[in-house]
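What the coordinates show
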Amino acid sequence: MKLCDLMSNIPHEGGGEDAEIRRIGYNSEKARQGELFVCLKGASRDGHDFAERAYQNGCRAFLCERRIDLPDDAVQIIVDDTRAVLPEISAKFFGYPAEKLHIIGITGTKGKTTTALLTAAILNAAGLNCAYVGSNGVLINGEHTDTVNTTPESLYLQQYFSMMVKGNVKYAVLEVSSQALAHHRVDGIHFETVAFTNLSEDHIGGAEHPTFEHYRASKKRLFTEHGATTAVYCADDEAGEYMTEGFEGRKITFGVNTKSDWTAENIEKFRDETSLGITFDCTGNGYRVKVNLQSPGYFSVYNAMCAMAICSVYGVGRDFAARILGETTVRGRFEIVPALPGRTFIIDYAHNGISLTSALKTLREYDPERIICLFGSVGGRTKGRRRELAEAASEYADYVIITSDNPDYEDPIDICTEIESYMKSGVPCEVIPNRASAIKAAVDMSEKGDIILLAGKGHETYQLICGRKVPFSERQILTEICGSLSLK
């Protein structure tokens, strides 16, 4: 594609627009001949500073916000905001693939991943070929690809949409983060159906949102700027009305405590030798169906109700949706691993104070002999979470093992020691920085009736250490350790 075609209708300065563009990128290490290198400003790095490296790797076309000191054969296109331009040129480069898809967007503080994956599972089971993009990666026709962000950068989103179209996918469900909405990642995408799960304070401060109000307003943009015709939202969350205020399309509500279009009643818990879950009746418009979930807690009910409501927009009946929900589990989201009789092992992504508190309080409702909680915290950012996590574990766990999460460039021992300093006096606790060793310690000390929560890693299959993703599958490690033990 000619650069002039790519930049048509986009205000810019610069020449050399007859250049042939064979790819678009913003990673200087991967740049090569025929690429348009987009200089993006990030939280800690500025792509303009890496343009010279991209040039050395063969790139000769650059999209910038200011002129860069490069050799004369480098074509420089100047725009006001490269991040705002990237979605448009990416969509154009891939032939506007999103226009050929029915796209569903889900936002909220908690529940996005589970709700999105449950929605995709139901739609796929109903014969509506549905892809997924979110925290658990990208799933297209059963093929999995890892991603860095909950919602990928616009360039990659358009690439994934193109792959979906080529693979005869008709539907796509996306987790839409507040950061994606604030930083133009989903600009120009028409979402047919949008959904809101809940809202609480998170992602505030540092390189994320300056205030809660900014965080909330960023999420609302999904309902006001993307042309959706249907909005599904939680009537029990006071932010639901805020999100959908002014929305002119069809509104569908779900809830437990508030009479809604989709209401959950007769909620009951169950637990057996190695698993636990929750059942409820889904009611509405004179209809009632029993739903059995292989995951615990009221939040699981909300996630399931949201998924069922979304799928109803596409003609999926309640009975069918309920049956699929009973057969579906979500990797790393309250994922129950049947590893040893009499004990319940759970892998969950709970990685902040709110989510860990919610997880532990939910597990307490199942009357365990003990709750053994293993967790750590990421290095180099969101350090305020360390106190939150320690306070949550102190309040609701019976025994705590503090270990490594994704330490990156920070010393895992320093992270663990800081978390330990916030633990409440008298709570049994130990520090084991090596996470595999920590998991073995949790297994070794477990007894019948215990619930063991491995928190923080969830779906991730790596540990981030010194900038590198080192393979690490918590589920595999757990099953191997338990498989090598004699039954107690």
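Everything below is about the structure printed above this text.
Report on the accompanying structure. (Residues numbered from 1 in each chain as written. Predicted model: local features only at pLDDT ≥ 70, side-chain atom pairs only at ≥ 80, totals over all residues. Heavy atoms only, no water.)

Description of the nonpolar core
Within soluble globular proteins, side chains that are nonpolar generally end up buried alongside one another. How we decide: Residue types Ala, Val, Leu, Ile, Met, Phe, Trp, Tyr and Cys, when buried and joined through side-chain atoms within 4.5 Å, form a set referred to as a nonpolar core. Three exposure classes are used, based on accessible area relative to the maximum for each residue type with a 1.4 Å probe and protein chains only: buried under 20%, partly exposed in between, and exposed over 50%. Contacts between residues were defined by any pair of non-hydrogen atoms, one from each residue, lying within 4.5 Å.
The biggest cluster of nonpolar side chains holds 72 residues, and the ones touching the most others in it are Phe280, Met308, Leu356, Phe375 and Leu453. When residues no more than four places from it in sequence are discounted, the contact partners of Phe375 are Leu356, Leu389, Ala390, Ala393, Val400, Ile401, Ile402, Thr403, Ile419, Arg435 and Ala455.

Concerning the packing of aromatic side chains
Operational definition: In this scheme Phe, Tyr and Trp rings, the latter by its six-membered ring, pair at centre separations within 6.5 Å, and the angle between planes marks the pair as stacked below 30 degrees, edge-to-face above 60, and tilted otherwise. A run of DSSP states H or I qualifies as a helix once it reaches four residues; a run of E qualifies as a strand once it reaches two. Both are numbered from the N-terminal end.
Counted under the stated rule, the structure contains six aromatic pairs. Taken together, a centroid distance of 6.0 Å and an interplanar angle of 65° make the contact between Phe37 and Phe62 edge-to-face. One end of the pair, Phe37, is in strand S2 (residues 35-38); the other, Phe62, is in strand S3 (residues 61-64), with 25 residues separating them in the sequence. Phe62 shares its class with Phe37; the two are buried. Taking the centre distance of 5.2 Å and the plane angle of 40° together, the rings of Phe299 and Phe334 count as tilted.

Regarding helix H15 (residues 474-483)
Selection rule: Think of it as the arc spanned by the lines of direction from the helix axis to the C-beta atoms.
Among the residues of H15, Glu474, Ile477, Leu478, Ile481 and Cys482 are the ones counted as buried. One side of H15 holds all its buried residues, which, seen down the axis, span an arc of 125°. Buried residues belonging to H15 abut strand S16 (335-337), strand S17 (344-348), strand S18 (371-375), helix H14 (435-445) and strand S21 (451-455).

Section: the side chain of Asp450
Rule in force here: We define a polar contact as two N or O atoms separated by no more than 3.5 Å, with the added condition that, inside protein, one atom must be a possible hydrogen donor and the other a possible acceptor, whereas residues neighbouring each other in sequence contribute only through side-chain atom pairs.
Structurally, the position occupied by Asp450 is in the loop between H14 and S21. Residue classification places Asp450 among the buried positions, given a relative accessible area of 1%. For Asp450, the side chain forms a polar contact with the side chain of Arg370, separated by 2.7 Å. The residues touching Asp450, leaving out its near neighbours within four places in the chain, are Arg271, Gly342, Arg343, Thr344, Glu369, Arg370, Ile372 and Met445.

Things to note about the pairing of strand S19 (residues 399-402)
Put simply, the rule is: Viewed with both strands pointing away, a crossover whose connecting path from the first strand over the helix to the second turns clockwise is right-handed. One bridge is not enough; two strands pair if DSSP finds at least two bridges between them.
Residues Tyr399 and Ile401 point to one face of S19 and Val400 and Ile402 to the other, with burial holding for every one of them. Once you follow S18 into helix H12 (residues 384-396) and on to S19, the crossover reads as right-handed. Where S19 meets strand S20 (residues 429-431), three bridges bridge the pair, whose relative direction is parallel. For Ile402, the partnering residue across the bridge sits in S20 and is Val431. Since S19 and S20 lie parallel, the crossover through helix H13 (residues 412-421) that links them has a hand, and here it is right-handed.

Thoughts on unusual backbone geometry
Phi at Asp367 is positive, roughly 50°, even though this residue is not glycine. Looking at the secondary structure, you find Asp367 in the loop between helix H11 (353-364) and S18. On the accessibility criterion, Asp367 (65% relative accessible area) is exposed.

Examining the pattern of salt bridges
Put simply, the rule reads: Think of a salt bridge as a Lys or Arg side-chain nitrogen and an Asp or Glu carboxyl oxygen that are within 4 Å of each other.
Counted by the stated rule, this structure contains 23 salt bridges. Residues Asp73 and Arg60 are paired through a salt bridge, measuring 3.1 Å at the closest nitrogen-oxygen approach. With Asp73 in the loop between S3 and strand S4 (75-78) and Arg60 in the loop between helix H2 (51-56) and S3, this pair connects stretches of sequence that are 13 residues apart. The partner of Arg83 in a salt bridge is Glu153, with the nearest N and O atoms 2.7 Å apart.

A closer look at the state of the cysteines
Operational definition: Two cysteine sulfur atoms make up a disulfide if the distance between them is within 2.5 Å.
Under the definition given, this model contains zero disulfides. No disulfide involves Cys39; its sulfur sits 4.3 Å from that of Cys64, the nearest cysteine. Cysteine Cys306 is unpaired, with the sulfur of Cys234 as its nearest cysteine sulfur at 8.3 Å. With a relative accessible area of 0%, Cys306 lands in the buried category.

A few points about the sheet that holds S20
Our working definition: In this description, a line fitted to the C-alpha atoms serves as the axis of each element, helices being fitted only across the stretch in contact, and the angle between N-to-C directions of two axes falls anywhere from 0 to 180 degrees.
Read from one edge of the open sheet, six strands run S16-S17-S21-S18-S19-S20, paired in mixed fashion. Two strands lie at the open edges of the sheet, namely S16 and S20, each paired on one side alone. Mean inter-strand twist for the sheet, computed between neighbouring axes without regard to direction, equals 20°. Where S18 and S21 come together, four bridges link them in parallel fashion.

Description of the sheet that holds S4
Picture the strands of a sheet paired through backbone hydrogen bonds; they go either parallel or antiparallel. Pairing is parallel in the open sheet, where four strands are placed in the order S1-S2-S3-S4. Every interior strand has two partners, whereas the edge strands, strand S1 (23-25) and S4, have only one. Taking each pair of neighbouring strands and ignoring which way they run, the sheet shows an average axis angle of 20°. Of the strand pairs in this sheet, S2 and S3 are connected by three bridges, and their pairing is parallel. From the neighbouring strand, Val38 faces S3, where its bridge partner is Leu63.

Notes on the packing of helix H4 (residues 112-125) against helix H9 (residues 298-312)
Test applied: For classification, angles of less than 35 degrees are called roughly parallel, those exceeding 145 degrees roughly antiparallel, those between 65 and 115 degrees roughly perpendicular, and all remaining angles oblique. A crossing counts as left-handed when the near helix is turned anticlockwise from the far one by less than a right angle, and as right-handed when that turn is clockwise.
Two elements in contact, H4 and H9, have axes whose closest approach is 8 Å; the angle formed by their N-to-C orientations is 45°. Judged by the inter-axis angle, H4 sits oblique to H9. Considering how the two elements wind past one another, H4 and H9 form a crossing that is right-handed. Of the residues in H9, those touching H4 at Thr114, Thr115, Leu118, Thr119, Ile122 and Leu123 are Asn303, Ala304, Cys306, Ala307, Ile310 and Cys311.

Looking at the packing of helix H3 (residues 82-93) against helix H5 (residues 154-166)
For clarity, the threshold we go by: We call Asp, Glu, Lys and Arg charged. Ala, Val, Leu, Ile, Met, Phe, Trp, Tyr, Cys and Pro are nonpolar, and the rest, Gly among them, are polar.
H5 packs onto H3 with a crossing angle of 25° between their chain directions and a minimal axis gap of 8 Å. It follows that H3 is roughly parallel to H5 by the angle criterion. By crossing handedness, the relation of H3 to H5 is classed as right-handed. For the pair H3 and H5, the contacting residues are Leu86, Pro87, Ser90 and Ala91 in the first and Ser154, Leu155 and Gln158 in the second. Of the residues assigned to the contact of H3 with H5, the class counts are four nonpolar, three polar and no charged.

Topic: the side chain of Asp408
Tracing the backbone through its elements, the reader meets Asp408 in the loop between S19 and H13. One polar contact links the side chain of Asp408 to the main-chain amide nitrogen of Gly467, over a distance of 2.8 Å. Discounting chain neighbours no more than four positions away, the residues touching Asp408 are Gly379, Leu464, Ile465, Cys466 and Gly467.

The quantities given are spatial measurements derived from coordinates; they are silent on function.
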